[in-house]
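As a plain string of letters, each chain reads:
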Amino acid sequence: MTVQTFFHRRRSRFLFGLLFFSALYYGAATLVDYHLLNSFQAIPAAFAWLATNFMPTTRSMAFLPLILTKLGQTIILSITATVIAAILALALAIRFCCKVLNKE
């Protein structure tokens, strides 16, 4: 394979993928009547809605200790899951690397 054919195939695959996903996006947007321009124009209204509906009140501040406790538990759980996944991935990588190198 020459350099020109390699880059021609690469460019063709990229163009095909771009056209495929564009057609997929267009089909899905048409199916649900989604308009990209309208969504960008609605951003200021979305921020206004956030400002009016998510302002803390005295009633919501009463739940702050519970929210912070749950937040801390969630952070600890995510760190624990990440460490366990990393240890498992390392152990499996070492196991299968040794298996491939020894050609068992």
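None of the values given here were measured: they were computed from a predicted structure.

1. Some points on the overall build of the protein chain
Inference 1: Scanning the protein chain for helices and strands turns up five helices and zero strands.
Inference 2: For the protein chain, the sequential pattern of α-helices and β-strands runs α-α-α-α-α.
Inference 3: Across its three principal directions, the C-alpha atoms of the protein chain cover 70 × 45 × 25 Å.
Inference 4: A total accessible area of about 9800 Å² is found for the protein chain, and carbon and sulfur atoms account for 76% of it.

2. A word on a nonpolar patch on the surface
Inference 1: A cluster of nonpolar residues, Tyr25, Tyr26, Leu31, Val32, Tyr34, Leu36, Phe40, Ile43, Phe47, Trp49, Leu50 and Phe54, forms a patch on the protein surface that exposes about 1400 Å² of accessible area.
Inference 2: Secondary-structure elements contributing two or more residues to the nonpolar patch are helix 1 (3-32), helix 2 (36-41) and helix 3 (43-53).
Inference 3: Here Tyr26 lies in helix 1.

3. Some points on unusual backbone geometry
Inference 1: Its identity is not glycine, yet Asp33 carries a phi of approximately 60°, on the positive side.
Inference 2: Among the secondary structure elements, Asp33 is positioned in the loop between helix 1 and helix 2.

4. A look at the packing of aromatic side chains
Inference 1: Evaluation of the coordinates by the stated rule reveals four aromatic pairs.
Inference 2: Members of the aromatic cluster, connected to one another through ring pairs, are Phe16, Phe20 and Phe21.

5. Here we look at the confidence of the model for the protein chain
Inference 1: Here the protein chain averages 92 in pLDDT, and 98% of its residues register 70 or above.
Inference 2: Considering each helix and strand of the protein chain separately, the mean pLDDT is smallest for helix 4 (residues 58-61), with a value of 88, and largest for helix 1, with 95.

Criteria and cut-off values
- Residues numbered from 1 in each chain as written.
- Predicted model: local features only at pLDDT ≥ 70, side-chain atom pairs only at ≥ 80, totals over all residues.
- Heavy atoms only, no water.
- Helix = DSSP H or I, 4+ residues; strand = E, 2+ residues; numbered from the N terminus.
- Areas by Shrake-Rupley, 256 points an atom, 1.4 Å probe, with all protein chains shown as cover.
- Patch = residues over 30% accessible without salt bridge, like charges linked within 9 Å, V, L, I, M, F, W, Y side chains within 5 Å.
- Salt bridge = Lys/Arg side-chain N within 4 Å of Asp/Glu carboxyl O.
- Phe/Tyr/Trp six-rings, centres within 6.5 Å; stacked < 30°, edge-to-face > 60°.
- pLDDT = per-residue confidence, 0-100.

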